[in-house]
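Observations on the three-dimensional arrangement
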Amino acid sequence: ENLNSVNMLSFLSGRSLTTTVMARRSYCSAPESSLPLLFKKLKADLPAVRANLKDREITDLDVDTIVTMYDRHQSQTLLAQNLRRERNLITASIKNEPARIEEFKQKAKSLRDEIKAVEKELEDLYKTLIVDIKKFPNETHPDAPKTGDGNLIKLVGQKPTFNFEPKPHWELGEMWDLFDFEKGAEVVSAGYYYTKNEAALLEMALINWATQKVASKFKFTPILTPDVVNFSYAEACGFRPRSEASQMYTINDSNLCLVGTSEIPLAALQANKLYYANEFNQLPAKYVGFSHCFRRETGHGGALSRGLFRVHQFSKVEMFITCLPEDSERLHQELLDIELEIFTELGLHFRFSGNNTC
């Protein structure tokens, strides 16, 4: 869960805030080296996987074909291992039986060609499987509604009423010299802006207050994360920076991208970390991180793209927890409770709602 310090400013226009609950896990949130584990999990949970695809209204994934391809990959991997073992035995036999050297050479050449063909098939299968596994959606929480606009969990406070027509925040920002969208568009492009005067102080105060509160009261480790990560870490978190439809910015002539959320570098802190049973006492690992976030926000428009909405750069305080699976539900609720406390203390009117599965 995250706290977007910029969006807290929307109370200036009397708007309601929405904090959305999304308890989720993803098949693709693991490095490519974990392919066997990912597909073993998929095969073990096939009924649940099919049900989740149905709930998410995803019809273009042929699960049976993908599983068949994985089984083929596994069997061909075993075949390649056996062929290499046989080749090694023949190589050793050449030294022990010199009289049969020509026979052994022919057999070794035949095995080498067969191994090359099997390895090529394995490479092609692997490339396809990596693409396919990343198409699987997140698992949805069992309580998530299947249809509709989601479910209202809690409504806090009352929407402000005024004896005048309230102005949107971009008009107030111009009146009070809080933002400069025109200069931001000139210096960078549309969707960038300067935050000035009291708005700049307010944003920095909100960032500091939220970070201090979560770190001191709830014992999260405060972290300032990099704003750039390697593609592999973004992909391991379920993002697709190399996709044409990606909302992430990439850096030319590199394997780097700008983060759309500090979730990515925070998750990367635990990358390649294996916890043994005697180390479970180190969990949960709780972090509260701050980063700038960059998003292309293509395909969006209308009133919700005005002012501070749908901008390409913003600041965010994010809570992130690594924990044992059996603690996930409890700690997710803890995150929600912290958010609830923070927004309530700010005196904002907001609603907690859960997304539907689609």
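Residues numbered from 1 in each chain as written. Predicted model: local features only at pLDDT ≥ 70, side-chain atom pairs only at ≥ 80, totals over all residues. Heavy atoms only, no water.

This part covers the overall build of the chain. Secondary structure assignment for the chain yields ten helices and 13 strands. Counting all 358 residues of the chain, 39% fall into the buried class. Within the chain, counting contacts between residues at least 6 apart in sequence, those at least 24 apart form 75% of the total. Carbon and sulfur atoms provide 53% of the accessible area of the chain, an area that totals close to 20,800 Å². (Helix = DSSP H or I, 4+ residues; strand = E, 2+ residues; numbered from the N terminus. Buried < 20%, exposed > 50% of the residue type's maximum accessible area, 1.4 Å probe, protein only. Contact = heavy atoms within 4.5 Å. Areas by Shrake-Rupley, 256 points an atom, 1.4 Å probe, with all protein chains shown as cover.)

Moving on: the nonpolar core. Formed by 16 residues in total, the largest nonpolar core has its most connected members in Leu42, Val63 and Phe136. Looking at this core, the elements that each hand over two or more residues are α1 (35–44), α2 (46–55), α3 (63–96) and α4 (101–133). (Core = buried A, V, L, I, M, F, W, Y, C linked by side-chain atoms within 4.5 Å.)

Here we take up the layout of surface pockets. Taken as a whole, the second largest pocket spans an internal volume of roughly 420 Å³. Forming the boundary of the second largest pocket are 18 residues, of which Trp170, Phe181, Glu182, Arg306 and Gly307 lie nearest the centre. For the lining of the second largest pocket, the secondary-structure elements that each account for two or more residues are α5 (169–176), β6 (179–180) and α6 (181–187). Grouping the constituent residues of the lining of the second largest pocket by class yields eight nonpolar, five polar and five charged. (1 Å grid on protein atoms, 1.4 Å probe; cavity = no way out; pocket = protein on both sides within 12 Å on 5 of 7 lines; lining within 4 Å. Points joined across faces, edges and corners; volume = space filled by probe spheres on them. Nonpolar A, V, L, I, M, F, W, Y, C, P; charged D, E, K, R; others polar.)

On to the packing of aromatic side chains, then. One pass over the structure, following the stated rule, counts six aromatic pairs. Seen in terms of ring centroids, Phe162 and Phe164 are 5.2 Å apart; in terms of plane orientation they differ by 45°. Their pairing is tilted. Assessed through its relative accessible area of 38%, Phe162 is described here as partly exposed. Between Phe179 and Phe181, the aromatic rings sit 5.7 Å apart at their centres with planes inclined by 40°, giving tilted as the arrangement. A relative accessible area of 7% places Phe179 in the buried class. For Phe181, a relative accessible area of 24% translates into the label partly exposed. Among the aromatic residues, those joined into a cluster by ring pairs are Phe179, Phe181 and Tyr193. Over the face of the ring belonging to Tyr275 we find Lys273, whose NZ or CZ atom lies 4.9 Å from the ring centre. (Phe/Tyr/Trp six-rings, centres within 6.5 Å; stacked < 30°, edge-to-face > 60°. Lys NZ or Arg CZ within 6 Å of the ring centre and 35° of its normal.)

Before going further, it helps to examine the side chain of Ser291. With respect to the helices and strands, the residue Ser291 is situated in strand β11 (residues 285–294). Overall, Ser291 belongs to the buried group, its relative accessible area being 1%. Ser291 has contacts with Thr225, Asp227, Val259, Thr261, Ser262, Phe314, Ser315 and Lys316, leaving out every residue within four places of it along the chain.

This part is about unusual backbone geometry. Residue Pro284 is reached from Leu283 by a cis peptide bond, and omega for that bond is 5°. Looking at the element boundaries, Pro284 is found in the loop between α9 (263–268) and β11. Positioned with a positive phi, Asn197 is a non-glycine residue whose angle comes to about 50°. Locating Asn197 in the fold gives a position in helix α7 (residues 197–218).

This is a description of form; function is not addressed.
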